[in-house]
Amino acid sequence: MKIAIIPARGGSKRIPRKNIKLFAGKPIIAHVIERALESGCIDRVIVSTDDDEIAQVALRYGAEVPFIRPADIADDHATTSAVITHALNWLIDNNQKPQYACVMYATAPFIRSQTLADSLYLLTQHPDKKFCFGVTEFPSPIQRAFKITSTGEVEMFQPEHFNSRSQDLEKAYHDAGQFYWGTADGFLDSKGMFSSDSIPFPLPCHQVQDIDTPDDWKRAEALYQVMIGKVV
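Before going into details, it helps to say that this report is about the structure given with it.

How each quantity is defined
- Residues numbered from 1 in each chain as written.
- Predicted model: local features only at pLDDT ≥ 70, side-chain atom pairs only at ≥ 80, totals over all residues.
- Heavy atoms only, no water.
- Core = buried A, V, L, I, M, F, W, Y, C linked by side-chain atoms within 4.5 Å.
- Buried < 20%, exposed > 50% of the residue type's maximum accessible area, 1.4 Å probe, protein only.
- Helix = DSSP H or I, 4+ residues; strand = E, 2+ residues; numbered from the N terminus.
- Contact = heavy atoms within 4.5 Å.
- Pairing = 2+ DSSP bridges.
- Axes fitted to C-alpha atoms, helices over the stretch in contact; angles between N-to-C directions.

## Some words on the nonpolar core
Ranked by size, the top nonpolar core spans 34 residues in total, and within it I6, I29, V47, M104, L116, F179 and W181 carry the most contacts. Listed by contribution, the elements that provide at least two residues to this core are β1 (2–7), α1 (28–38), β4 (44–48), α2 (52–60), β5 (100–104), α4 (113–124), β9 (173–183) and β10 (198–202). The contact partners of I6, leaving out residues within four places of it in the chain, are I29, V32, I33, V45, I46, V47, S48, M104, Y105 and A106. I46, F67, F133 and M193 belong to the second-largest nonpolar core, a separate cluster that totals 18 residues.

## Quick word on α1
Most of α1 sits inside the fold, with 9 of its 11 residues counted as buried. Listed in full, the buried residues belonging to α1 are I28, I29, A30, H31, V32, I33, E34, R35 and A36. Trailing α1 by a residue or two, G40 shows a phi angle of about 75°, which is positive.

## Concerning the sheet that holds β10
The strands making up a sheet are joined through hydrogen bonds of the backbone, oriented either antiparallel or parallel. Spatial strand order, β4-β1-β5-β9-β6-β10: 6 strands in an open sheet with mixed pairing. The open sheet is flanked by β4 and β10, the only strands paired with a single partner. Within this sheet the neighbouring strands show an average axis-to-axis angle of 25°, counted without direction. Relative to β10, strand β6 (residues 131–137) runs parallel, the two being bridged by 5 bridges. By the bridge assignment, F133 is partnered in β10 with P200.

The structure is reproduced here in structure tokens:
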């Protein structure tokens, strides 16, 4: 059995009710549920939430809410790892242990159904790996990054690269924040996602957008409207 687990607590602070806020005409979590259901590679879509309203929205769009998340892993300090461990242990306790699980963030409307299928296939082709997750390239070389000091001055993190050409610098990637395929045992026993246990699945930058602030939300919705019907 292959499942999706979507963490979606009710207490978002920077964007109130973020997980069910309307995005392009429907609750943002609905986009993620629909992509999972359309992928053809996921048998069950489970939403882990502590919130009755989120649970009702999830059910309306075809997901399952077989349990209510305990309060001790639903506050501002709860980690995704703790939430996934709880969900998997609940399934194991109810004789429903999956072979693979895909953690999907509720605020990742740019995820593509084909991406979910392709990344699972990639993981199955590497039996020595426990995870496969989406990554994307930094838009500019991180070796030339700088900070603004407390006195307002500019200071490079790696000043030795001030005169380096962009094309001569090694590419760097970051977590796309969309999906994380893994074996159930991998999630329960692994040394971590950012390790030799994982294989990356590169995504183009235009398919990746963090949504943590109201400004992020506006940018994501504008980009989505451009992309709709083309790659989503």
